[in-house]
Amino acid sequence: MASDHVDVLIVGAGLSGIGAAVHLRRNCPDKTYAVLEARGAIGGTWDLFRYPGIRSDSDMFTLGYSFKPWTDPKAIADGDSIRSYVRETAREYGVEEHIRFHHRVVRAEWDSATARWTVHVRRDDTAEDVVLTCAFLFTCAGYYRYDEGYTPQFPGIERFAGTLVHPQRWPDDLDHTGRRVVVIGSGATAVTLVPAMAERAAHVTMLQRSPTYVISLPSRDVVADALRRWLPEKAVYPVVRWKNVLLGTANFQLSRRAPKVVRALLRRAAKGRLPAGYDIDRHFSPRYDPWDQRLCVVPDGDLFTAVKTGRASVVTDTIDTFTEWGVRLSSGEELPADVIVTATGLNLLAFGGMTLAVDGVDVDLGQTVAYKGMMLSGVPNFAMTIGYTNASWTLKADLVATYVCRLLRHLDSTGQQIVTPVAPTGSELEPIIDLKSGYVLRSVDALPKQGARAPWRLYQNYARDVVLMRHGRLTDEGVRFSRATPAPSTPDSRTAGAPVA
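My aim in this report is to walk through the structure given alongside it, one point at a time. (Residues numbered from 1 in each chain as written. Predicted model: local features only at pLDDT ≥ 70, side-chain atom pairs only at ≥ 80, totals over all residues. Heavy atoms only, no water.)

### A look at the overall build of the protein
Of the regular secondary structure elements, the protein holds 13 helices and 25 strands. Taken over C-alpha atoms, the radius of gyration comes to 25 Å for the protein, in line with the 23 Å a tight globule of 501 residues would show. Oriented by its inertia axes, the alpha-carbon framework of the protein measures out at about 95 × 55 × 45 Å. In the protein, buried positions account for 52% of the 501 residues. Relative to all contacts within the protein whose residues are 6 or more apart in sequence, the contacts with residues 24 or more apart total 71%. Within the protein, the 55 negative side-chain charges are centred at a point lying 6 Å from the centre of the 59 positive side-chain charges. (Helix = DSSP H or I, 4+ residues; strand = E, 2+ residues; numbered from the N terminus. Rg over C-alpha atoms; globule rule 2.2 N^0.38 Å. Buried < 20%, exposed > 50% of the residue type's maximum accessible area, 1.4 Å probe, protein only. Contact = heavy atoms within 4.5 Å. Lys, Arg positive; Asp, Glu negative; His and termini not counted. Charge placed at Lys NZ, Arg CZ, Asp CG, Glu CD.)

### Structural notes on the packing of aromatic side chains
Applying the stated criterion to the full structure yields 18 aromatic pairs. Both rings, one in Phe67 and one in Tyr93, keep their centres 5.4 Å apart while their planes meet at 80°; by these two values the pair is edge-to-face. With Phe67 in the loop between helix 3 (60–63) and helix 4 (79–92) and Tyr93 in the loop between helix 4 and strand 3 (99–101), this pair connects stretches of sequence that are 26 residues apart. Owing to a relative accessible area of 19%, Tyr93 belongs among the buried residues under this scheme. With centroids separated by 5.3 Å and ring planes inclined at 75°, the aromatic side chains of Phe351 and Phe382 adopt a geometry described as edge-to-face. Of this pair, Phe351 sits in the loop between strand 16 (339–342) and strand 17 (355–358) while Phe382 is found in strand 21 (residues 382–384), placing the two residues 31 residues apart along the sequence. You'll find Phe351 and Phe382 in the same group, each marked buried. Joined through ring pairs, the aromatic side chains of Tyr65, Phe67, Trp70, Tyr85 and Tyr93 make up one cluster. Geometry around Tyr459 places Arg464 over its ring, the cationic atom sitting 3.6 Å from the centre. (Phe/Tyr/Trp six-rings, centres within 6.5 Å; stacked < 30°, edge-to-face > 60°. Lys NZ or Arg CZ within 6 Å of the ring centre and 35° of its normal.)

### Regarding the layout of surface pockets
Rolled over the atoms, a probe sized like a water molecule indicates the empty space that remains. Of the pockets and cavities examined, the second largest pocket occupies roughly 730 Å³. Taken together, 31 residues make up the lining of the second largest pocket; nearest its centre are Asp59, Leu217, Asn244, Leu247 and Gly248. Mapped onto the lining of the second largest pocket, the elements with two or more residues apiece are strand 10 (214–217) and helix 7 (233–257). Examining the composition of the lining of the second largest pocket, we find that seven residues originate from one element, helix 7, more than from any other. Class assignment for the residues of the lining of the second largest pocket results in 15 nonpolar, 10 polar and six charged. (1 Å grid on protein atoms, 1.4 Å probe; cavity = no way out; pocket = protein on both sides within 12 Å on 5 of 7 lines; lining within 4 Å. Points joined across faces, edges and corners; volume = space filled by probe spheres on them. Nonpolar A, V, L, I, M, F, W, Y, C, P; charged D, E, K, R; others polar.)

### Observations concerning empty space enclosed by the protein
With the rule as written, the count across this model stands at five cavities of 30 Å³ or more. Every residue lining the largest cavity is listed: Ile386, Gly387, Tyr388, Thr389, Lys396, Ile432, Ile433, Leu458, Tyr459, Gln460 and Asp465. Among the residues making up the lining of the largest cavity, the classes are represented as six nonpolar, three polar and two charged. Counted as a void, the second largest cavity has a volume near 60 Å³. Together, Gly142, Tyr143, Ala350, Phe351, Met384, Ile386, Ile432, Ile433, Leu447 and Pro448 line the second largest cavity. Residues belonging to the lining of the second largest cavity are distributed by class as follows: nine nonpolar, one polar and no charged.

### Details of the sheet that holds strand 14 (residues 326–329)
Strands sit in the order 13-14-15 across an open sheet of three strands; the sheet is antiparallel. The two strands at the open ends of the sheet, each matched to only one other strand, are strand 13 (319–323) and strand 15 (334–336). With strand direction ignored, the average angle separating the axes of adjacent strands in the sheet is 20°. (Pairing = 2+ DSSP bridges. Axes fitted to C-alpha atoms, helices over the stretch in contact; angles between N-to-C directions.)

### Focus on unusual backbone geometry
Of note, the bond from Ala454 into Pro455 is cis; its omega dihedral lies within 30 degrees of zero at 5°. Tracing the backbone through its elements, the reader meets Pro455 in the loop between strand 24 (449–450) and helix 13 (462–471). Here His102, not a glycine, exhibits a phi torsion of approximately 60°, which is positive. In this fold, His102 is placed in the loop between strand 3 and strand 4 (103–111). A relative accessible area of 29% places His102 in the partly exposed class.

### Some points on helix 4
Compared with an ideal rise of 1.5 Å per residue, which puts 14 residues at 20 Å, helix 4 spans 20 Å between its outermost C-alpha atoms and is within 8% of the ideal. Structurally, helix 4 contributes buried residues whose contacts are with helix 1 (15–27), helix 2 (45–48), helix 3 and helix 7. Regarding helix 4, its N-cap is Asp78, as a side-chain oxygen of that residue lies 3.1 Å from the backbone nitrogen of Asp80 further along. (Expected span 1.5 Å × (residues − 1). Polar contact = N/O pair within 3.5 Å; in protein donor to acceptor, adjacent residues only side chain to side chain.)

### Observations regarding the packing of helix 1 against helix 4
Pairs of packed helices are described in terms of their axes, by the angle between the two and the distance that separates them. At their nearest, the axes of helix 1 and helix 4 sit 10 Å apart, and the two run at 25° to each other. On the basis of their axis angle, the class for helix 1 and helix 4 is roughly parallel. Considering the relative orientation of helix 1 and helix 4, their crossing is left-handed. Contact residues: Leu15, Ile18 and Val22 in helix 1; Val86, Thr89 and Ala90 in helix 4. (Parallel < 35°, antiparallel > 145°, perpendicular 65-115°, else oblique. Left-handed = near helix turned anticlockwise from the far one by under 90°.)

### Some details on the sheet that holds strand 8 (residues 180–184)
Remark on secondary structure: sheet strands pair via backbone hydrogen bonds, oriented parallel or antiparallel. Here five strands make up an open sheet; going across it, the order is 7-16-8-9-12 and the pairing parallel. What marks the edges here is a single partner per strand, and that holds for strand 7 (163–165) and strand 12 (312–316). Put simply, the sheet's adjacent strands are angled 20° from each other on average, direction ignored. Looking at chain direction, strand 9 (residues 203–208) and strand 12 are connected through five bridges and run parallel. Bridge assignment links Val204 to a residue of strand 12, and that residue is Ala312. This element, helix 5 (residues 188–198), spans strand 8, strand 9, strand 12 and strand 16 of the sheet and lies at about 165° to strand 9.

Following this line, the structure appears as C-alpha cells:
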C-alpha cells in the first residue's frame, strides 16, 4: 500500500480540476500538489460524453478559463474542441505530470492533531489501495454520477427490439443513418441530439413529457469577430467575457423580476423560427418560470430549423408502454422507432461518491452548510467547486480556485494551519442548488444547504462574487482559523503525580 504527502490534493481532472491546478501553480508556486482522476483521461464531462452534436450550452468566452483566451471562431463549441482546450491547458502549464489517472477517491479523514487529511484511494486499473495525505483537500469532481445516467422505469422497455441507448454511454459503432429515432427528453442533451441526429436519420422525434424553454443564440459572437479585426486575443477575450457575463446576469435578473415578460419574449422568438400555425404553447411553453430550470441553448436555432424542415418533430405526451417496434403514448398514438435514446437526465453524486470524516466522525453532507458556495461547515481545509446554475460553470470555478489560493497564502502569512467554516445559527436553510430540475429534486436532500445571507448565501451573481471572493475579507463571522491541536502526551511514569515546583 503506497503512501505520500502533498500540500494540496485536487480531485478531478476535468475543466474545474485542471483550472484549479493552474491557479495553484500561478498563485502558490511553492505548494506541492497532485491531481487524482478516476478515469483514464483529462477532460471530465467533455471526455466522457461522446453523443452526436455534444457541445457547450454556454458561450466559451465564459466557459473558458480566465487566464487562457478562447481563440476558436465558434463561441458555442463542440465537445471535441472543448476537450482539446482543456488538454492543451494541462500541457501548457505542466499540469499533466501531476495527474494520477485511475485513482478513485473513496474516503478522506481529517485529523486535527496533525492538521492533515488522510485520503484513501482505489486504483481502478490495478485494484491497488493507495493512501495519500495532504494539508488541503480540493474537490473538483462536480456533482454528477459518471458511471451511469438516470433512466426511469419505463413499462415494457424490455420488449423493444431496436437499439436502446443512454447518452452517457453512447456506443462508438451506433449508425443511425436512414433510421427512425425517438429521443425521450426535453433538456439540454435532447435539444442537442435531435438536430445532430436529424442530419442523417430518416426522422427524429423528440418525445417530451413537458416543454423546456429553448433559446437560440448565434454560434459565433459578432462582437468578438469585430474586435478580432483590430485587437489581439488577450484584449478581446476579457471584453467579450464581461459583455456576456453582464448580458447573462441581466437575463437572469429580468427572468426573476418579470417572468411574464421573459416568457413572452422567448415565446415570440420561438414562433419566429417555427412553421406558421405551429402549436408553440403545447411544445415550447413550459408551466414553470424561466430559470426555474436552465434555459436550453440551440446554436443558430438548429432545433427549430430541424422541426421547420420536417427532419424532426416534437411530441408532448407521456409513455403508456414500450412496444416491440417503438413507443405507445397515453393518447394512443404510436411512435415507430429503430433507435430510442433515453435522454432522461443524470444522477447526482457529490464529490464522486467519496465520504468524509472529521476527527473520527462521519460528515453528513445534508447537514452541512456551504460557506461562500465552496466550503462546508465543520469541515477543515476543504473546498469544493460547484459552478453557477444560471451562468457558465467555469466562472465560479475560477473564483473558487482563486479564493483557495488566497486562503493558503493567508494561512502561511499568519502562521495558522487550519481554516474551518462555522455554521450560522438561527438561519433558515435551503438547498444549495436552486433549480427545480428532476435530477436536482431527486437528490437535493443529500447535498449541502445554503443560508439566508452572505457568506452562507449563493446569489448566482458573478460580478458580486468577484468582489466577495477576489477582494473580500478572508476573516469573517463564518470562518475560524487555528493551528493543529496535538493530543496530550502520556506523562512519564517517573514524574506522574509529582508536585509542581
